[in-house]
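An overview of the molecular structure
Letter by letter, the chains look like this.
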Amino acid sequence: SLSNIARITSFAFTPNDSFPGMAAAKFIVEELNDTGIIRMRKNDSVAFGTPINKIVPAISYYATPAAVVFYLGDSIAIPLTGYDTLDLSIRPIKVRVISQDTKNEKWYNLDFNVHTMNGDLFLWDTLTTAISPQKVGEQKALNMNGTFYFYQNNGFRPRMFMSQDKGVTWTEKTITGLPTNCTVRQITEGPSQFFYAQDNKLYLSDSGYEWKEAATLDIQVMAIYMCFNEYIWFSGRDSEGKARLYTMGEDLTPVIQTNIGLLGDTLPLNFPVQDFASIPFTSSSLHLHNLIAGGYDRRGEITNALWSLEYNYIYDTYHITDMASESKFPPFAGASISYYGKFLYLIGGIHDDRSFIEDVYVSTNEGMHWTQVQDTLNPMKPGAFVRRYRATTFVDSTNLYIIGGEDFTTGYSDVYRGKMNSIGWPEIGN
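Before going into details, it helps to say that this report is about the structure given with it.

Scoring rules and cut-offs
- Residues numbered from 1 in each chain as written.
- Predicted model: local features only at pLDDT ≥ 70, side-chain atom pairs only at ≥ 80, totals over all residues.
- Heavy atoms only, no water.
- Helix = DSSP H or I, 4+ residues; strand = E, 2+ residues; numbered from the N terminus.
- Rg over C-alpha atoms; globule rule 2.2 N^0.38 Å.
- Contact = heavy atoms within 4.5 Å.
- Lys, Arg positive; Asp, Glu negative; His and termini not counted.
- Charge placed at Lys NZ, Arg CZ, Asp CG, Glu CD.
- Phe/Tyr/Trp six-rings, centres within 6.5 Å; stacked < 30°, edge-to-face > 60°.
- Buried < 20%, exposed > 50% of the residue type's maximum accessible area, 1.4 Å probe, protein only.
- Lys NZ or Arg CZ within 6 Å of the ring centre and 35° of its normal.
- Pairing = 2+ DSSP bridges.
- Axes fitted to C-alpha atoms, helices over the stretch in contact; angles between N-to-C directions.
- Salt bridge = Lys/Arg side-chain N within 4 Å of Asp/Glu carboxyl O.

1. What to know about the overall build of the protein
What the protein contains, in helices and strands, is one helix and 36 strands. For 430 residues, the compact-globule estimate of 2.2 N^0.38 gives 22 Å, and the C-alpha radius of gyration of the protein, at 28 Å, exceeds that figure by more than 25%. Taken along the three principal axes of its C-alpha coordinates, the protein extends 90 × 50 × 40 Å. For the protein, restricting intrachain contacts to residue pairs at least 6 apart in sequence, the fraction spanning at least 24 positions comes to 52%. Taken together, the 34 basic and 46 acidic charged side chains of the protein have centroids lying 3 Å from each other.

Next comes the structure, spelled out in structure tokens:
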């Protein structure tokens, strides 16, 4: 016997070769007394740029109907064949389903949203073209609790500029207590203080510009990598000349990191000690991660280093993994990496032939693999941004900042602020 039920059980858009993302639109079918509703799942929208004037619906039914008719606007009625494309930009949209025995029918309203802006588009502002009026040599920017700090040393003495409005205006502060030959790229923000080490001397600062010598260490510091899980992580040579990876807490006592995935407790020869990128982030598994990427090793050779450091809070243990062979990323140095919108972005840097990295690279899987972005319609860098390395990038809740950098003859102190359209959009219901 023929079915007397006229009901839609699922609704979707059929993907095509040009827009395979159509199938990502998720719909729900609600059954009401007289009229049902087919609408987007909560907080979903059809992706920006999807051509909804050429849609082939994919519909499932409780029982094969005798007929299905789309009513577009006030005057267009189109029987559904399964092959014709429909212009769903004409609103309102109603769908009429007629049962197999033609005795019953069900009407549905089709309701969905289309993004009117490209959620992946970056919008850029130039906040200042020059923080420092002086010639800028070696430099580095830091973000401590929303206050920005810009350090530079052009060979005479270190200088520091501070911004309390997130990069718009800057005020110079006189630095005291640091050596005149301070390597400012080694200055690192800790949990509550700034750290700097030179040879075996450790310096601390609460303000960022008033420094004091805090300790004489029994090791020679090679590189400070980051503050990770409330500890400063750095490499150094002990009295026997062995290179090791250390941590330091508030007691300022260096602790050798053992049993974390390195070969013994000696730092691998290809571990970077200069011009590396280091970025902490919380992974999709909610574990604390830090990526150390690129740079020069202690032989002076440029590397394709990709070391992933993970903290397991359940067992209070660390593990470091060498991902370089898996990623197949070419050797590079002086790049900057930020974790923004759940992705890692690599900006700037140089290759081993000293050519500049022109394009931005994006990793969607926490640094394992990287994709080169060459989309001229969606620039991942500011229009005024010139190629460079040793720039600083960091993020706040909604913005990505790029500050300074160098080429082989010039140092920069410009500041750019970028925002991806989708970052900061509020969640809304239907």
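2. What to know about the packing of aromatic side chains
In the structure shown here, the tally under the stated rule is 29 aromatic pairs. Centre to centre, the rings of Phe11 and Phe13 are 6.1 Å apart; their planes meet at 75°, and the pair counts as edge-to-face. Take Phe13: its relative accessible area is 2%, and that puts it in the buried class. Taken together, Phe11, Phe13, Phe27 and Phe112 form an aromatic cluster joined through their ring pairs. The positively charged end of Arg7 is found above the aromatic ring belonging to Tyr62, 5.0 Å away from the centroid. For Arg91, the ring lying beneath its charged end belongs to Phe112, and the centroid distance is 4.2 Å.

3. Here we look at the sheet that holds strand β12 (residues 158-163)
Across the sheet, four strands lie side by side as β10-β11-β12-β13; this open sheet has antiparallel pairing. Two strands close off the open sheet at either side, each with one partner strand: β10 (138-144) and β13 (171-173). The average undirected angle you get between the axes of adjacent strands in this sheet is 25°.

4. Here we look at the environment of Phe27
Within the secondary structure, Phe27 is located in strand β2 (residues 27-30). Put simply, Phe27 and Ser45 are 18 residues apart on the chain and 9.6 Å apart in space, counted from C-alpha to C-alpha. In this view, Phe27 contacts Phe11, Ala12, Phe13, Ile38, Arg39, Met40, Arg41, Leu110 and Phe112; residues no more than four positions away in its chain are not counted.

5. Side note on the pattern of salt bridges
Tallied over the full model, the rule gives 16 salt bridges. Between Asp396 and Lys166 there is a salt bridge whose closest N-O contact spans 3.3 Å. Remark: Lys166 occurs in the loop between β12 and β13 and Asp396 occurs in the loop between β34 (392-395) and β35 (400-406); sequence separation between them is 230 residues. Overall, the relative accessible area of 32% leaves Lys166 in the partly exposed class. Here Arg388 and Asp414 are joined by a salt bridge, their closest N and O atoms 2.8 Å apart. Highlighted residues: Arg388 in the loop between β33 (371-373) and β34 and Asp414 in strand β36 (residues 411-420), separated in sequence by 26 residues. Like Arg388, the residue Asp414 is buried in the burial classification. Several salt bridges share partner residues, and in doing so they unite Arg185, Asp275, Arg390 and Glu406 into one network.

6. Some points on unusual backbone geometry
Cis geometry marks the peptide bond from Arg91 to Pro92, where omega comes out at -5°. Following the sequence through the fold, Pro92 ends up in the loop between β6 (76-79) and β7 (93-98). With a phi close to 55°, Lys166 is a non-glycine residue in the positive phi region. If you check the backbone angles, Asn229 has positive phi at about 55° while not being a glycine. Topologically, Asn229 is positioned in the loop between β18 (220-228) and β19 (231-237).

7. Here we look at the sheet that holds strand β21 (residues 254-256)
Read from one edge of the open sheet, four strands run β18-β19-β20-β21, paired in antiparallel fashion. Here the strands that pair on one side only, and so sit at the sheet edges, are β18 and β21. The sheet shows a mean angle of 30° between the axes of neighbouring strands, taken without regard to direction. Both strand β20 (residues 243-248) and β21 contribute to a ladder of three bridges, which runs antiparallel. Opposite Thr247, over in β21, you have Val255 as the bridge partner.

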